[in-house]
Amino acid sequence: HKKLAPKAFTVGWDLVFTRDGGIQIMEGNLMSMVALHIGMRFGSMALLWPESPLVWLALSDWLQGRDGGFAYDSRLKKKKLEKVKRRLLASIERVGRERDQMKRKTLRMKAADVESGLGSEDLAAMQTKLMLKEGEVLGMSNELAAVKDAIIHCE
């Protein structure tokens, strides 16, 4: 990974086993399932598809009571969801502060760019980071709303 994609956060490496017992890389996918999930909940994909952070909640509902799935009653489900809700509230607060700091920094960088008349790669990078942070807040806020709704349905 460090050699082939040093700047990539995650890559889904497709590997094959060779006849001589070795391993060979077939391809690398920048849209691996890890990247897809993280992007859905915490990045720009939450801006494009606001319902995407809710996949885990729908899957847990589907698995409840199925053979090999979750075997908990509505009381235990509600308790688990309350724990998720508390974590989401804390995360939204923390990430919201980070986003607000990025907004202030971006505005300062924009003002400096206007004064100098030069474009800035640092500004473009900061704007991208800010967009991802806004997606993170949106994704978790959508998730929180769905968790609150699910808690109500447990009663």
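Refer to the structure printed above.
Residues numbered from 1 in each chain as written. Predicted model: local features only at pLDDT ≥ 70, side-chain atom pairs only at ≥ 80, totals over all residues. Heavy atoms only, no water.

Asker: Just checking my understanding: could you explain the overall build of the chain for this structure?
Answerer: Tallying secondary structure elements over the chain gives five helices and two strands in all. Mapped in sequence order, the helices and strands of the chain form the string β-β-α-α-α-α-α. A burial count over the chain gives 28% of its 155 residues as buried. If you sum the accessible surface of the chain, you get close to 11000 Å²; carbon and sulfur atoms cover 59% of it. (Helix = DSSP H or I, 4+ residues; strand = E, 2+ residues; numbered from the N terminus. Buried < 20%, exposed > 50% of the residue type's maximum accessible area, 1.4 Å probe, protein only. Areas by Shrake-Rupley, 256 points an atom, 1.4 Å probe, with all protein chains shown as cover.)

Asker: Explain the pairing of strand 1 (residues 12-17) here, please?
Answerer: Looking along a regular strand, one sees side chains alternate from face to face of the sheet. Pairing analysis gives six bridges linking strand 1 to strand 2 (residues 23-29), with the strands arranged antiparallel. When the bridges of strand 2 are listed, Phe 17 appears paired with Ile 23. (Pairing = 2+ DSSP bridges.)

Asker: Sorry if this is basic, but what is going on with the nonpolar core here?
Answerer: Inside soluble globular proteins, nonpolar side chains tend to come together where they are buried. One finds Leu 57, Leu 81, Leu 88, Met 140 and Val 147 to be the most contacted residues of the largest nonpolar core, which totals 13 residues. Here the element with the most residues in this core is helix 5 (residues 121-154); it accounts for eight residues. One finds Met 109, Leu 123, Met 126 and Leu 130 within the second-largest nonpolar core, a separate group that totals five residues. (Core = buried A, V, L, I, M, F, W, Y, C linked by side-chain atoms within 4.5 Å.)

Asker: I keep staring at a nonpolar patch on the surface and nothing clicks. Help me out?
Answerer: Together, Leu 4, Leu 15, Phe 17, Ile 23 and Ile 25 give the surface a local cluster of nonpolar side chains, amounting to about 570 Å² of exposed area. Mapped onto the nonpolar patch, the elements with two or more residues apiece are strand 1 and strand 2. For Phe 17, the position within the fold is in strand 1. (Patch = residues over 30% accessible without salt bridge, like charges linked within 9 Å, V, L, I, M, F, W, Y side chains within 5 Å. Salt bridge = Lys/Arg side-chain N within 4 Å of Asp/Glu carboxyl O.)

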